[in-house]
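The lines below spell out each chain.
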Number of protein chains: 4
Amino acid sequence: MTDEITISEDILKKVIKLRKSNTHKGNYGRILLIGGSENYGGAIIMATEGALNAGAGLIAVATHSINLTALHARDPEAMYIDWKDNKLASLVPQMDVIVCGPGLGTGDQAKRLLVMLKEKITPDQTLVLDASAIDLISEDKNLLPVKAGHLIFTPHQMEWQRLSGIRIEFQTDQANLTALHHLAQNNNATLVLKSNHTHVYSEYGTVYVNRIGNPGMATGGTGDTLAGIIGGFIAQFGPNPDTILAAVYLHSLAGDLIYQDHYLVKPTQISSLLPKLMKKYADLN
Amino acid sequence: MTDEITISEDILKKVIKLRKSNTHKGNYGRILLIGGSENYGGAIIMATEGALNAGAGLIAVATHSINLTALHARDPEAMYIDWKDNKLASLVPQMDVIVCGPGLGTGDQAKRLLVMLKEKITPDQTLVLDASAIDLISEDKNLLPVKAGHLIFTPHQMEWQRLSGIRIEFQTDQANLTALHHLAQNNNATLVLKSNHTHVYSEYGTVYVNRIGNPGMATGGTGDTLAGIIGGFIAQFGPNPDTILAAVYLHSLAGDLIYQDHYLVKPTQISSLLPKLMKKYADLN
Amino acid sequence: MTDEITISEDILKKVIKLRKSNTHKGNYGRILLIGGSENYGGAIIMATEGALNAGAGLIAVATHSINLTALHARDPEAMYIDWKDNKLASLVPQMDVIVCGPGLGTGDQAKRLLVMLKEKITPDQTLVLDASAIDLISEDKNLLPVKAGHLIFTPHQMEWQRLSGIRIEFQTDQANLTALHHLAQNNNATLVLKSNHTHVYSEYGTVYVNRIGNPGMATGGTGDTLAGIIGGFIAQFGPNPDTILAAVYLHSLAGDLIYQDHYLVKPTQISSLLPKLMKKYADLN
Amino acid sequence: MTDEITISEDILKKVIKLRKSNTHKGNYGRILLIGGSENYGGAIIMATEGALNAGAGLIAVATHSINLTALHARDPEAMYIDWKDNKLASLVPQMDVIVCGPGLGTGDQAKRLLVMLKEKITPDQTLVLDASAIDLISEDKNLLPVKAGHLIFTPHQMEWQRLSGIRIEFQTDQANLTALHHLAQNNNATLVLKSNHTHVYSEYGTVYVNRIGNPGMATGGTGDTLAGIIGGFIAQFGPNPDTILAAVYLHSLAGDLIYQDHYLVKPTQISSLLPKLMKKYADLN
């Protein structure tokens, strides 16, 4: 049986560093978030708020044009591009991290975007695949953007069942590691398997488990927000395993703080709390 | 004369349970809210905020396309579907609760939606009928979606006059119970008759009265918000009478707390207060 | 020389009454606000927020369709109607108070709206004329809706110059009273002449002066907000002079409280503060 | 070597005066902000919030029509004009200050706007050139609106490299002063060269350095916000060097206060803090 390492609060101190004085926004990474169909615009907004409040330097959002105004009414900090705009393909190579999936849907345009990503992404970029992006790849493995330097999958258990072929009740650590290895092949790959105790699997066989979090977070958008936070952390702190663990832990920690006096935890509340929480851990350095 | 049972604070402790650790958003119900014409988009937004802040697991909103952006600018947690989209009919069967009426209007599209609901709704679903949905059924009783497992009517007194044929001054408990029985026939049905002291009538002859609340709540949108809260509670706590009583009581309790230092109680303030209030009662368990 | 009566804090206690328990939103008046052209949508939003936070029972807003979404993103409590919609004419007679002018502009549509108002308004309604509505009437006195039961003009000094023909330096109390009398003819009419010490002139020769307020309020939208508050107060407290005085005083009082620790007073802050302030004075009864 | 004068807190007391009682919005200046293409609407919103919260009396925003609703949902105080509207050219001469550049982009419309500005601007107006406006002028020096009474350039180091031809590593005070002199010719001109320690160069050879600020401000939109604050200050306090220094210092000071307990400083937070900060310094007079 595979050992599980419990993610602890220490990871926050380790990853979240005080920023150096002589830096500019370019030092904190460029992130592109792709998602938000006609029906699921809120998902890409919530992912964007995760990335923004996690501290990404520059944020661009590719989404259905119907979602522009709600995005900017909430988050003027994000740049916008219509996901049908041909210029999107030339934007991709300028990014450090790409998060694809929140509210993406499974329509033709979503597929076209994955095909474009597969073609344009490069080995010095990290790709976070979430939600419907995972479902599309489940249906057609050829859509996986294998050229990415680092692939991070953030499915919940049912999405992982569809992607890995492993039914939920058989999703053991060993089975998950094997499936991840098979899926990612020659890539650096990490699986963030969301559940009430999210597990993080590295391609090299290590398994981490997040034992904090709470059932008030059982609401639509929590996962979208996590994908955004992971992206925002990688933009700043680099695509190493600790970064991902810190993002997962911080997301739950924020949720737990909110849950102390709220029956439910709205995903946008989690994002709003991040800057204060991160400061606390940065100051511990 | 029918006995009236006063709804008390105890109902909140009884209904609002601490969430169990091993749960996910699917455990807290799927709710669809239908409403929001060109003129009354705010009503469906306020109903949505009621359901969201009451803790429903997954929320979809079917509304006129003109209302999408304001909805998402406020509530990215809600999924959206154009109420003219043919896919709406296939969404209905996936839901646990449907709230139809806030800002619906009485136009042709509103009627088409009721016809669709009547056809698609099933005995394992609860339907909350509010505002213009009630008016449309008043005009044509054939529009009543009789196949719903549980019907909840949430009219104010004038809407109930139109639906039941009982003029306001003759809306006695006995008359209301008889009319509800006649209206609902073979359905489980509950009447939430909104007034300064809202009465809840169960089909089996019990009458509950809510003696809290305040005249600062006498403003447009209070009723829409209540319909959303009832829906959100049923999504989580099931379609039993206690759930409805708790929703009615909590809505007024929140209003009373706000009224302590506000001359008027904005419906959106009520919704914002729910997560903290619910936590308090859940912690009493 | 005409005596000036200083408006004092007492007017708030006198006008703002605790609401009675057995009331509903219909008891707090129906108000229609008309304004917001393509360029000045913010003005009608700010007027709406004044009326809403002052406690009007039901609020409808007729504006250019371009302004719908921003209005609802901020204020879902307000109903909306496209100002080009023919149904607007039939909405007018259902209202207790109409505020026309904030952001109205002076285009053809604005004129058409005044012509419609002139035709539809009735002696049991109050009409508040503000901003561009005043300018349009300055250009063509025939546009004045003389059938209104009560006319309230809320110009700043330059708008009053254009309407009355009295240049700012000659706007003495006596001159203003004479001009108001001439203008209003057989109507109840009040002039709220906005300046750093706003004067209120009743048709019967009484002059009130508001000696509070501050230069932090010297920003775009303050006047629109006042027009909305006046409308909201009349909806609730009736079209008598005290109501208008209370609205003028409260608007400045809120501004003074904000100014204590803000260099500038944003109009939307004034509106947000009203419910708490009004509660304080209602509790003094 | 050129002496650098450190900007100190004293500049805030000197510039930010308590407003006089007998003033109106016209006393606090009229500002027009031009920017916000299809992709960068958030930038012009953030600049607007800078100008608004800095206390400009009247604010107009010329932007792509796609950005109207998000602007008004956040900032109803701002007037709007479609940047393709021919009336914009006649609006320009009515302004005290024009800020051109935030989110402007470098498309054909952006160029047309600069050409229009060049033609319409007059010697009694101040023009703040930011972001893409600087890039466009870098490509074609003929686009510089030389008739402006005061020109303020607010590039970051890379934009200044493109405009001045001086590579970042050679951007010494002396080189920058020479380039500014060459660029501005017969104009009053100021260079606000944004970096982690922003330098302000007056055409007359004085160099000021801002030693406060923090790396939490290294995020998209910080510069747009600064451009708006500079514009808002000039609108109120006049186009003299102290005004610019105070704006630069206040922007960083607000950022430092937020950074005390936030890991990152969102530009919109800076703007929100301005009214309280300004009041504090005005009260010191």
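As recorded by an unreviewed UniProt entry, chain A carries the name ADP-dependent (S)-NAD(P)H-hydrate dehydratase and is attributed to Lactobacillus kalixensis DSM 16043. UniProt's Sequence similarities (unreviewed entry) comment on chain A is quoted here verbatim: "Belongs to the NnrD/CARKD family." Note on chain A: under the UniProt heading Function (unreviewed entry), the record states "Catalyzes the dehydration of the S-form of NAD(P)HX at the expense of ADP, which is converted to AMP. Together with NAD(P)HX epimerase, which catalyzes the epimerization of the S- and R-forms, the enzyme allows the repair of both epimers of NAD(P)HX, a damaged form of NAD(P)H that is a result of enzymatic or heat-dependent hydration."

**Student:** Is there a simple way to explain the UniProt feature "binding site: AMP" (unreviewed entry) in chain A in this structure?
**Tutor:** All names here are of chain A. The sites that carry the UniProt feature "binding site: AMP" (unreviewed entry) are, in the present numbering, K194, S195, N196, H197, T198 and G223. Of the residues just listed, which span 30 residues, no C-alpha pair is farther apart than 12.9 Å, and they cluster in one region. With relative accessibility at 27%, the residue S195 sits in the partly exposed group. Its location among the elements puts N196 in the loop between β8 (188-193) and β9 (199-202).

**Student:** When you look at the interface of chain A and chain D in this model, what are you seeing that I'm missing?
**Tutor:** By convention, interface size is frequently given as the accessible area that disappears when the constituent parts associate. At the interface, 36 residues of chain A touch 29 residues of chain D. For the pair chain A and chain D, the summed buried surface comes to about 2600 Å²; carbon and sulfur atoms form 58% of the total. A salt bridge links D:D261 to A:K276, with the shortest nitrogen-to-oxygen separation between them at 4.0 Å. Here chain A and chain D share eleven residue pairs in polar contact (both at pLDDT 80 or more) between them. The class makeup of the residues in the side of chain A that touches chain D is 16 nonpolar, ten polar and ten charged.

**Student:** Just to check I follow, could you spell out the packing of helix α2 (residues 41-54) of chain C against helix α11 (residues 267-283) of chain C for this structure?
**Tutor:** In a pair of packed helices, the angle between the axes and the distance between the axes together describe the arrangement. Residue and element names in this part refer to chain C. Between α2 and α11, the shortest axis-to-axis distance is 8 Å and the interhelical angle comes to 5 degrees. The pairing of α2 with α11 is recorded here as roughly parallel in orientation. Residues M46, E49, G50, N53 and A54 of α2 pack against P267, T268, S271, S272, L274, P275 and M278 of α11. Looking at side-chain class alone, the contact of α2 with α11 contains six nonpolar, five polar and one charged residues.

**Student:** Where do I start with helix α8 (residues 173-184) of chain A in this structure?
**Tutor:** Residue and element names in this part refer to chain A. Over its twelve residues, α8 runs 16 Å from end to end, which matches the ideal 16 Å to within 8%, given 1.5 Å per residue. Buried residues of α8: D173, N176, L177, A179, L180, L183 and A184, and no others. When α8 is viewed along its axis, its buried side chains cluster within an angular range of 165 degrees and face the same direction. Where α8 is buried, its residues touch β1 (4-6), β7 (150-154), α7 (157-164), β8, β9 and β10 (207-209).

**Student:** How should the UniProt feature "binding site: (6S)-NADPHX" (unreviewed entry) in chain A be read in this particular structure?
**Tutor:** Residue and element names in this part refer to chain A. Taken from the UniProt record, the annotation "binding site: (6S)-NADPHX" (unreviewed entry) applies to A43, G103, H156 and D224. In this view, H156 contacts L193 and K194; residues no more than four positions away in its chain are not counted. With respect to the helices, strands and loops of the structure, D224 is situated in helix α9 (residues 222-237). For D224, a relative accessible area of 13% puts it in the buried group. Leaving out residues up to four positions away in the same chain, D224 has contacts with A43, M46, A47, P102, G103 and D130.

**Student:** Sorry if this is basic, but what is going on with the relation of the copies chain B and chain A here?
**Tutor:** Applying a rotation about an axis and a shift along it to one chain copy brings it onto the other copy. Least-squares fitting of chain B to chain A yields an RMSD of 0.0 Å, with the superposition described by an axial translation of 0.0 Å and a rotation of 90 degrees. Considering both components of the superposition, the chain copies are consistent with a four-fold axis. Judged by C-alpha distance, B:A73 is the residue of chain B that lies nearest the rotation axis, at 4.4 Å. Both copies present different contact surfaces, since only 8% of the interface residues of chain B are interface residues in chain A too.

**Student:** How should the pattern of salt bridges be read in this particular structure?
**Tutor:** Between side chains of opposite charge, pairing is possible as soon as their charged atoms come close. All names here are of chain A. The tally for this structure, following the rule as stated, stands at 32 salt bridges over all chains. D242 is the salt-bridge partner of K14, the closest N and O atoms lying 2.6 Å from each other. Of this pair, K14 sits in helix α1 (residues 10-15) while D242 sits in helix α10 (residues 241-259), placing them 228 residues apart in sequence. Judged by its relative accessible area of 21%, D242 falls in the partly exposed class.

**Student:** Please explain the nonpolar core as it appears in this structure.
**Tutor:** Nonpolar side chains in soluble globular proteins tend to end up buried together. Core analysis: the biggest nonpolar cluster contains 221 residues, and A:F233, B:F233, C:F233 and D:F233 have the highest contact counts within it. Those residues in contact with D:F233 that sit more than four places away from it in its chain are D:V15, D:I16, D:A54, D:G238, D:T243, D:A246, D:A247, D:L250 and D:M278.

**Student:** I would appreciate a short explanation of the sheet that holds strand β4 (residues 79-82) of chain D in the present structure.
**Tutor:** Residues and elements named next belong to chain D. Taken in spatial order, the ten strands make up an open sheet running β1-β10-β9-β8-β7-β6-β5-β2-β3-β4, and their pairing is mixed. Across the chains shown, the open sheet's two edge strands, defined by having one partner strand only, are β1 (4-6) and β4. Here the average twist between neighbouring strands, direction ignored, is 20 degrees. As defined by bridge partners, β1 adjoins strand β10 (residues 207-209) across three bridges and the pair is classed as parallel. Across the sheet, the residue bridging to E4 is V207, located in β10. Against the sheet, helix α5 (residues 108-120) touches β2 (30-34), β5 (97-100) and β6 (126-130), its axis set at about 155 degrees to β5.

**Student:** Where do I start with the pairing of strand β8 (residues 188-193) of chain B in this structure?
**Tutor:** Remark: a regular strand shows side chains that alternate across the two faces of the sheet. Residue and element names in this part refer to chain B. Counting buried residues along β8, five of its six residues qualify, which places the element largely inside the surrounding structure. Pairing analysis gives four bridges linking strand β7 (residues 150-154) to β8, with the strands arranged parallel. Within β8, the residue paired with I152 across the bridge is T190. Where β8 meets strand β9 (residues 199-202), four bridges bridge the pair, whose relative direction is antiparallel. In the sheet register, L191 faces β9, and the bridge partner there is Y201. Hairpin remark: β8 followed by β9, antiparallel, with five residues in the connecting loop.

**Student:** What should I look at first to understand the sheet that holds strand β9 (residues 199-202) of chain C in this one?
**Tutor:** Picture the strands of a sheet paired through backbone hydrogen bonds; they go either parallel or antiparallel. Residue and element names in this part refer to chain C. A sheet is described by the order of its strands in space; here ten strands give the open sequence β1-β10-β9-β8-β7-β6-β5-β2-β3-β4, paired in mixed fashion. Every interior strand has two partners, whereas the edge strands, β1 (4-6) and β4 (79-82), have only one. Taking each pair of neighbouring strands and ignoring which way they run, the sheet shows an average axis angle of 20 degrees. Those strands touched by helix α6 (residues 131-139) are β5 (97-100), β6 (126-130) and β7 (150-154), and its axis lies near 85 degrees from that of β6.

**Student:** Teacher, can you tell me more about the interface of chain B and chain A here?
**Tutor:** Contact residues are listed per partner, giving 36 residues for chain B and 29 residues for chain A. Interface area for chain B against chain A, summed over the two sides, is near 2600 Å², with a carbon-plus-sulfur share of 58%. When the buried surface of chain B facing chain A is broken down by residue, B:R19, B:E77 and B:K279 rank first, second and third, together holding 23% of it. The tally of links from chain B across to chain A stands at one salt bridge. The tally of links between chain B and chain A comes to eleven residue pairs in polar contact (both at pLDDT 80 or more). Of all the secondary-structure elements, those providing two or more residues to the side of chain B that touches chain A are α2 (41-54), α3 (68-74), β4 (79-82), α9 (222-237) and α11 (267-283) of chain B. Within the side of chain B that touches chain A, the residues separate by chemical class into 17 nonpolar, ten polar and nine charged.

The rules behind each value
Residues numbered from 1 in each chain as written. Chains lettered and ligands numbered in written order. Predicted model: local features only at pLDDT ≥ 70, side-chain atom pairs only at ≥ 80, totals over all residues. Heavy atoms only, no water. UniProt positions renumbered as here; feature names shortened; annotations may be inferred. Buried < 20%, exposed > 50% of the residue type's maximum accessible area, 1.4 Å probe, protein only. Helix = DSSP H or I, 4+ residues; strand = E, 2+ residues; numbered from the N terminus. Contact = heavy atoms within 4.5 Å. Buried area = accessible area lost by both parts, 1.4 Å probe. Salt bridge = Lys/Arg side-chain N within 4 Å of Asp/Glu carboxyl O. Polar contact = N/O pair within 3.5 Å; in protein donor to acceptor, adjacent residues only side chain to side chain. Nonpolar A, V, L, I, M, F, W, Y, C, P; charged D, E, K, R; others polar. Axes fitted to C-alpha atoms, helices over the stretch in contact; angles between N-to-C directions. Parallel < 35°, antiparallel > 145°, perpendicular 65-115°, else oblique. Expected span 1.5 Å × (residues − 1). Arc of directions from axis to C-beta. Least-squares fit on C-alpha atoms with pLDDT ≥ 70 in both. Core = buried A, V, L, I, M, F, W, Y, C linked by side-chain atoms within 4.5 Å. Pairing = 2+ DSSP bridges.

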